[in-house]
Amino acid sequence: MAYVIKDACISCGACEPECPVNAISAGDSIYVIEAASCIDCGACANVCPVDAPQPE
Ligand code: SF4
Ligand code: SF4
């Protein structure tokens, strides 16, 4: 299991510093989560203004 950032992402960057395992980075069009590193803590979803990170 890992969180995935959906297309609703507006690339605000708020989630990146919140991730305890540094799994989030800016992608080509939206921010992306490295699935192998994500520990499903939900911190990114808690700060996202558009609910883009979703548990898969
Ligand atoms: Fe990082 Fe937690 Fe979001 Fe996974 S759920 S990307 S570990 S902040
Ligand atoms: Fe995208 Fe939400 Fe992260 Fe902002 S906080 S970069 S909108 S996923």
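Residues numbered from 1 in each chain as written. Chains lettered and ligands numbered in written order. Predicted model: local features only at pLDDT ≥ 70, side-chain atom pairs only at ≥ 80, totals over all residues. Heavy atoms only, no water.

### So, the overall build of the protein chain
In step 1: Per the secondary structure count, the protein chain includes 1 helix and 4 strands.
In step 2: When the elements of the protein chain are put in sequence order from the N terminus, they spell out β-β-β-α-β.
In step 3: Taken over 56 residues, the protein chain has a buried fraction of 36%.
In step 4: The long-range fraction of contacts in the protein chain, counting pairs at least 24 apart against all pairs at least 6 apart in sequence, stands at 57%.
In step 5: As displayed, the protein chain has an accessible area near 3,400 Å², and 48% of this comes from carbon and sulfur atoms. (Helix = DSSP H or I, 4+ residues; strand = E, 2+ residues; numbered from the N terminus. Buried < 20%, exposed > 50% of the residue type's maximum accessible area, 1.4 Å probe, protein only. Contact = heavy atoms within 4.5 Å. Areas by Shrake-Rupley, 256 points an atom, 1.4 Å probe, with all protein chains shown as cover.)

### Re the environment of Cys 15
In step 1: Within the secondary structure layout, Cys 15 lies in the loop between strand E1 (3-5) and strand E2 (24-26).
In step 2: Along the primary structure Cys 15 and Cys 48 are separated by 33 residues, whereas in three dimensions their C-alpha atoms are 6.3 Å apart.
In step 3: Discounting chain neighbours no more than four positions away, the residues touching Cys 15 are Ile 5, Ile 24, Tyr 31, Cys 44 and Val 47.

### Quick notes on the environment of Cys 44
In step 1: Residue placement: Cys 44 occurs in helix H1 (residues 43-47).
In step 2: Distance from Cys 44 to Pro 20, taken between C-alpha atoms, is 9.6 Å for residues 24 residues apart in sequence.
In step 3: Not counting residues up to four positions away in its chain, the partners in contact with Cys 44 are Tyr 3, Cys 15, Ile 24, Ile 33 and Pro 53.

It is worth stressing that arrangement in space is one thing and function is another; only the former is reported here.
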